[in-house]
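Results of the structural survey
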Amino acid sequence: MPSILIIGGGPAGLSAAIYAARANIPTTVLYKDGGALGRTEKIENYFGFAEPLSGPDLLARGRAQAARLGVTLTETEVTGIEYAEAGFSVKSTDGAFPADAVILATGAPRTVPPIPGVLEFEGRGVSYCAVCDAFFYRGKPVAVLGQGEYALEEARTLLPVASFVTLLTAGGAPQAAVPAGLSVDTRPVAAVGGTDRVTQIAFESGEPLPADGVFIAYGTAGSADFARKLGAQLENGRIQTDAGMATAVPGLFAAGDCTGGLLQVAKAVADGAQAAMSAVKFLRK
């Protein structure tokens, strides 16, 4: 039976899961944490609660509701998505999950690191997508900024293509096994440098690292990262969807803060409901 996989366990993802499950579609939610809502101390403007409640409390209620309806909730970190005619394969730290439709609901995109040169060289050596841009760095040295699973997945994509790949952790330690052939440098990064294009990474210690490309992979992958890799359209970091929350990629939908607009629980819940109904309609064609 066709299945729906939802990436993100916040209000948009859980709302989508509830609607998909009620449509009798096998539904799985992959999530790492509660996102922005999980860090919210008090909510007073969401319909139906006479007294304020905390974000974690609202999330717990949503997860319990989804579980009661038969949704599979899996706490894991998603590192990538592959798409083919047979459907989607979602890669995570706990293995791969197949799906016939995917709903992206991991919240707003991450903040660009405040490192001098990152914004200036976007598109001219600074990239946010190894799958998209690895081809342009064949036989060239590149660096990946980050230390988590997402950064290591980006590095694995680059290793067979680039002449040399360095993982820059900015003082931290890699949070997962380092693949063979990957160099790790823990020195704090001071700037990304070059003239017309990136040519080096400058460290606070003053010694430069030659690099023709720099791939930003801080934190965990978000909806915009996955959408970009699959070929969906973005504008100012937000995923572009139609009125039914469908992207330009068949079977791929997005909901919540990752689509822009009002960054509120009420909108996220509505987006999730619409995305699920559209995904169900897509699977039943």
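As a reminder, the structure under discussion sits directly above these lines.
Residues numbered from 1 in each chain as written. Predicted model: local features only at pLDDT ≥ 70, side-chain atom pairs only at ≥ 80, totals over all residues. Heavy atoms only, no water.

Considering the overall build of the protein chain
So the rule is basically this: Every helix listed is a DSSP run of H or I at least four residues long, and every strand listed is a run of E at least two residues long, numbered separately from the N terminus. Working definition: with a 1.4 Å probe on protein chains only, accessible area under 20% of the residue-type maximum means buried, over 50% means exposed, and in between means partly exposed. Contact criterion: two residues are considered in contact whenever any of their non-hydrogen atoms come within 4.5 Å of each other. Where accessible areas are quoted, they stem from the Shrake-Rupley method and a 1.4 Å probe; at the residue level, only the protein chains shown are allowed to cover. For the charge count, each Lys or Arg is scored as positive and each Asp or Glu as negative, with His and the chain ends excluded. A charge is said to be at NZ when it belongs to Lys, at CZ for Arg, at CG for Asp and at CD for Glu.
Of regular secondary structure, the protein chain possesses 6 helices and 18 strands. Overall, the protein chain is about 60 × 45 × 35 Å in size when its C-alpha atoms are taken along their principal axes. Relative to its 285 residues, the protein chain shows a buried fraction of 49%. Pairs at least 24 apart in sequence give 55% of the contacts found in the protein chain among residues at least 6 apart. For the protein chain, the computed accessible surface area is about 13,200 Å², with 52% contributed by carbon and sulfur atoms. Distance from the positive charge centre (22 side chains) to the negative charge centre (27 side chains) of the protein chain: 5 Å.

Brief notes about the pattern of salt bridges
Filter applied, for reference: Any carboxyl oxygen of Asp or Glu that lies within 4 Å of a side-chain nitrogen of Lys or Arg is treated as forming a salt bridge with it.
Applying the stated criterion to the full structure yields 10 salt bridges. For Lys-32, the salt bridge is made with Glu-77, and the minimal N-O distance between the two is 3.4 Å. Here Lys-32 is found in the loop between strand E2 (27-31) and helix H2 (55-68), whereas its partner Glu-77 is found in the loop between strand E3 (72-75) and strand E4 (78-84), with 45 residues between them in sequence. Judged by its relative accessible area of 41%, Lys-32 is partly exposed. Its relative accessible area of 10% is what places Glu-77 among the buried residues. Residues Lys-267 and Asp-271 are paired through a salt bridge, measuring 2.5 Å at the closest nitrogen-oxygen approach. Pair noted here: Lys-267 and Asp-271 are both in helix H6 (residues 265-283), with a separation of 4 residues, about one helical turn.

Things to note about the sheet that holds strand E9 (residues 141-145)
Adjacent strands of a sheet pair through backbone hydrogen bonds, lying either parallel or antiparallel. Just so we agree on the cut-off: By this definition, two strands are paired if DSSP reports at least two bridges between them. Axis lines are fitted to C-alpha atoms, over the contacting stretch for helices. Their N-to-C directions set the angle, which ranges from 0 to 180 degrees.
Across the sheet, which stays open at both edges, the 5 strands sit in the order E8-E15-E9-E10-E11 with parallel pairing between neighbours. Edge positions in the sheet fall to strand E8 (126-127) and strand E11 (183-185), since each has one partner strand and no second. Sheet strands in contact with helix H4 (residues 149-158) are E9, strand E10 (164-168) and strand E15 (213-216), and its direction is about 165° off that of E9.

Quick look at the pairing of strand E13 (residues 198-203)
Looking at chain direction, strand E12 (residues 189-194) and E13 are connected through 5 bridges and run antiparallel. Bridged to Gly-193 within E13 is Gln-200. Count of turn residues in the E12/E13 antiparallel hairpin: 3 residues. Across 3 bridges, the pairing between E13 and strand E14 (residues 208-210) is antiparallel. When the bridges of E14 are listed, Gln-200 appears paired with Pro-210. Connecting the antiparallel pair E13 and E14 is a turn made up of 4 residues, with Gly-206 showing a positive phi of about 100°.

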